[in-house]
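Chain residues, written in single-letter form:
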Amino acid sequence: MSSTPVRLADVVPFSWVDGPGNRFVVFTQGCPFDCLACHNPETIPPHPPGTRHQTVAGLLTEIRLAEPYLQGVTVSGGEATAQWRFVRDLFRAVRADPRLRRLTTYVDTNGHALPRVWDALLPVTDGFMVDLKALDPDVHRRLTGRGNGLVLDSIRYLHDRNRLAEVRLLLVPGHNDSADQLERTAAWLAALDPEVRVVVIGFRRHGVRLEFSGTPEATPELLARAREALEDAGLRNVVTV
Amino acid sequence: MELLELRRQARAVIDDPALTYRQRVHRLAAIAENALEPPPVSAECAEALEKRVVCDLYEGNAPYRPRYVLPDYAVLLERGSSFLELAPARDLDEALAHLLIAYTQVPSITGYPVWLGDLDALLEPYAADVDDAELQRRLRLFWISLDRMLPDAFTHANLGPRDTRVGRTALRLERELLQVVPNLSLKVDPELTPDDLVRDAVETVFACGQPHFVNHPMMIAGLGPAYGVASCYNSLPAGGGSHTLVRLNLAEVALRHQGSRATFLDELLPHYVELTAELMQARILHLVEEARFFEHSWLVGDGLLSLDRYTAMFGVFGLAEAVARVLEHEGTPGSYGHDPAADQLAHEILERVAELVATRPMPYCEGSGGRALLHSQSGIDSDLGVTAGCRVPVGDEPALLEHLRTVTPNHALFPAGISDVLAFDETTRRNPEAVVDVIRGAFRTGMRDFTFNLDSNDFIRITGYLVRKSDLAKIERGARHDSTFLGAGSVAQSHVDRRAPKRVVADELDAGPAR
């Protein structure tokens, strides 16, 4: 069986911010969302000139060099599920390799994928980290260019199958940080599962596109307020970064 | 030394307003020692010493105590000491008192003991009937006593590899008290040390830069089950130690190099390794046969120390510069840490030195089969333009994975310790588990010992020991910890405080009168 190559934005042998422990991270190229607050906007277009292609076998060679120090492998983006056949093939290969099979496999995703994509990935993936850019569909559309119906479905779908590692909330001041929105988001997540791990990330200007660089950064006070709203709703596993 | 010069030095010490009483006494003793002639060596050896190709690390001209003393404190607790008029310790209070008493009577170059023992293993049996709050209270007083009574950052305690209440309490106290003393190492064994303990230690590093991490099975393979990590990460047989530490400056050797790689490896290196060994031998003979340390020390008399557990440390440093120089001669420039050819040559040089040291008999070194032990020496404050030990030059380190892959193959060659320093950035704080992964991986792949640095606490690592930035800021008015003076020298010489990410250049212990 030949495996699917990937359009690659970058590879990082050690990352401490993309899932549990020290992880090898593959950043795929191309994302169906066009988030104003994206801090890696160069990874959004699917086929920019000079895109690097890499095979699963080539990545395995790189992963083997880093393996002794790793807890796992994460595919991030861009959007990982936009190239889900590659993700499936990579994780399948990691699990088939005697030296690599101890590594955990995680996907960092915007959640904008159909159940059949999750079904393809679930057998080879230990955890999914899903972004929820906004609970309100209109706000979500303003922030990302698309609605959030699929995202909410995906979060529920992955949670039901015990593979939702965390939900990530990116707080963008003036867009999704009102008390009312925070409260409703908190209630929705608490209704899903009070134990779900929620990571609150404050918006920072670093890396974002020029037209968005006037947006104020999230303050520690905003993060504290968000944390309080989430915990008031009964969520017991909230982390702010 | 001329009498006038001796008087000038003594006067300068006595009049220095920044020194404490004990610091004055210690410096005056060093001046007196150095008024004597050093042990005799050949003219060639003396010249190598004079040119700093070989360096005795200012141990003093007339060795009258070993450089590193690692007493077997378990003997003290179990049998007591006739010299100290102490009976065997019966409870935790007695054990803690016995240790403090003994520490004040352990000789060293710095004036303070360089090894405090495996504190968790020593104390755990006495802690069984003491509840958590009481254990914390008593260990806290003990920990404070260590820092106040033994104010020197080379004073080094060991923990691990087993998970104990004493060990956990010690780590908590480290985070709470933020003291310079003790310097601390955690012995890690994949079979015995749980992830949770390693993680606890990692969180302690976040707070205060301690502990250093040690590959326990690898150390045991080289030194036997009874070993300790003392001073600036020197691993040695416990119940023994090292007579001396003399180091060879590989960068200086390479400056004298002409011609091919083979000439360097087969002529120049053997020549200078022998001159280094000659100096070590002369110093050992003085210590054992002239000063007769092992015939009069109470540590030997009471069974805490024995000559047959002794070794000597052969140190090397300046590897990076040596590699660059030899490659330049071959017409294929490359730098250690960045070019596979340079990494390969670095390993060849070290293998050659290891082989030479392993075949050179050394007197009174039965603790290591009659040979010296190789050690990667982490520098002193007067080193300029030469890289500590076998490290990649500060500020020039490759990304972490490449860094690990560069230095790891060399670790097997250094039973007496190599102590690489890895700079971790601030994202570490949010993911201590990732550091545990790196530590596990480092030991899985054959790293012997290492330390990691974070810039965001009050401590600055002068490679083998820590000083507090807040103490450095007040250095003109003196310092309670002797080592802070050495740290200030390093900061002034090498701007170690201005590096980002913080990776501090070399320093080791300089007990001479100069600071």
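An unreviewed UniProt entry lists chain B under the name YjjI family glycine radical enzyme, with Nocardioides pocheonensis given as the organism.

The name recorded for chain A in an unreviewed UniProt entry is Radical SAM protein, from Nocardioides pocheonensis. If you open the UniProt record of chain A and go to Cofactor (unreviewed entry), you find "[4Fe-4S] cluster". UniProt annotates chain A under Sequence similarities (unreviewed entry) with the comment "Belongs to the organic radical-activating enzymes family."

(A) How the structure looks around the environment of T169 of chain B. Residues and elements named next belong to chain B. Here T169 is to be found in helix α8 (residues 165–177). Put simply, T169 and Q344 are 175 residues apart on the chain and 44 Å apart in space, counted from C-alpha to C-alpha. Setting aside residues up to four positions removed in sequence, T169 forms contacts with L135, Q136 and L139.

(B) Representation of the sheet that holds strand β6 (residues 212–215) of chain B within the structure. All names here are of chain B. Across the sheet, which stays open at both edges, the 6 strands sit in the order β3-β4-β5-β6-β13-β12 with mixed pairing between neighbours. The open sheet is flanked by β3 (115–118) and β12 (420–423), the only strands paired with a single partner. Averaged over all pairs of adjacent strands, the angle between their axes in this sheet comes to 25°, without regard to strand direction. As judged from the 2 bridges shared by β6 and strand β13 (residues 449–453), these two strands associate in the antiparallel manner. Across the sheet, the residue bridging to V214 is D449, located in β13. Each of β3 and β4 (156–159) touches helix α6 (residues 119–127); the most contacted strand, β3, lies at about 55° to it. Sitting on the sheet, helix α10 (residues 216–223) is in contact with β5 (183–188), β6 and β13, with an inclination near 60° to β6.

(C) Layout of the side chain of D147 of chain B. Residue and element names in this part refer to chain B. Note that D147 resides in helix α7 (residues 132–149). A polar atom in the side chain of D147 sits 2.7 Å from the side chain of R480. Within the structure, the side chain of D147 is placed 2.8 Å from the side chain of H481, a separation counted as a polar contact. Apart from residues no more than four positions distant in its own chain, D147 is found in contact with Q179, V180, V181, R480 and H481.

(D) Geometry of the UniProt feature "domain: Radical SAM core" (unreviewed entry) in chain A. UniProt marks residues 17–232 of chain A with the feature "domain: Radical SAM core" (unreviewed entry), using the numbering shown here. Segment residues 17–232 of chain A splits into 36% helix and 18% strand. End C-alpha atoms: 26 Å apart.

(E) The arrangement of the interface of chain B and chain A in detail. Taken together, the contacts link 18 residues of chain B with 16 residues of chain A. Taken together, the two surfaces of chain B and chain A that pack against each other cover about 1,500 Å², and 64% of this comes from carbon and sulfur. For the side of chain B that touches chain A, the secondary-structure elements that each account for two or more residues are α17 (400–411) and α18 (432–444) of chain B. In terms of residues, the side of chain B that touches chain A owes the most to one element, α18 of chain B, which gives 7 residues. Within the side of chain B that touches chain A, the residues separate by chemical class into 7 nonpolar, 6 polar and 5 charged.

Reading the values: the criteria
Residues numbered from 1 in each chain as written. Chains lettered and ligands numbered in written order. Predicted model: local features only at pLDDT ≥ 70, side-chain atom pairs only at ≥ 80, totals over all residues. Heavy atoms only, no water. UniProt positions renumbered as here; feature names shortened; annotations may be inferred. Helix = DSSP H or I, 4+ residues; strand = E, 2+ residues; numbered from the N terminus. Contact = heavy atoms within 4.5 Å. Pairing = 2+ DSSP bridges. Axes fitted to C-alpha atoms, helices over the stretch in contact; angles between N-to-C directions. Polar contact = N/O pair within 3.5 Å; in protein donor to acceptor, adjacent residues only side chain to side chain. Buried area = accessible area lost by both parts, 1.4 Å probe. Nonpolar A, V, L, I, M, F, W, Y, C, P; charged D, E, K, R; others polar.

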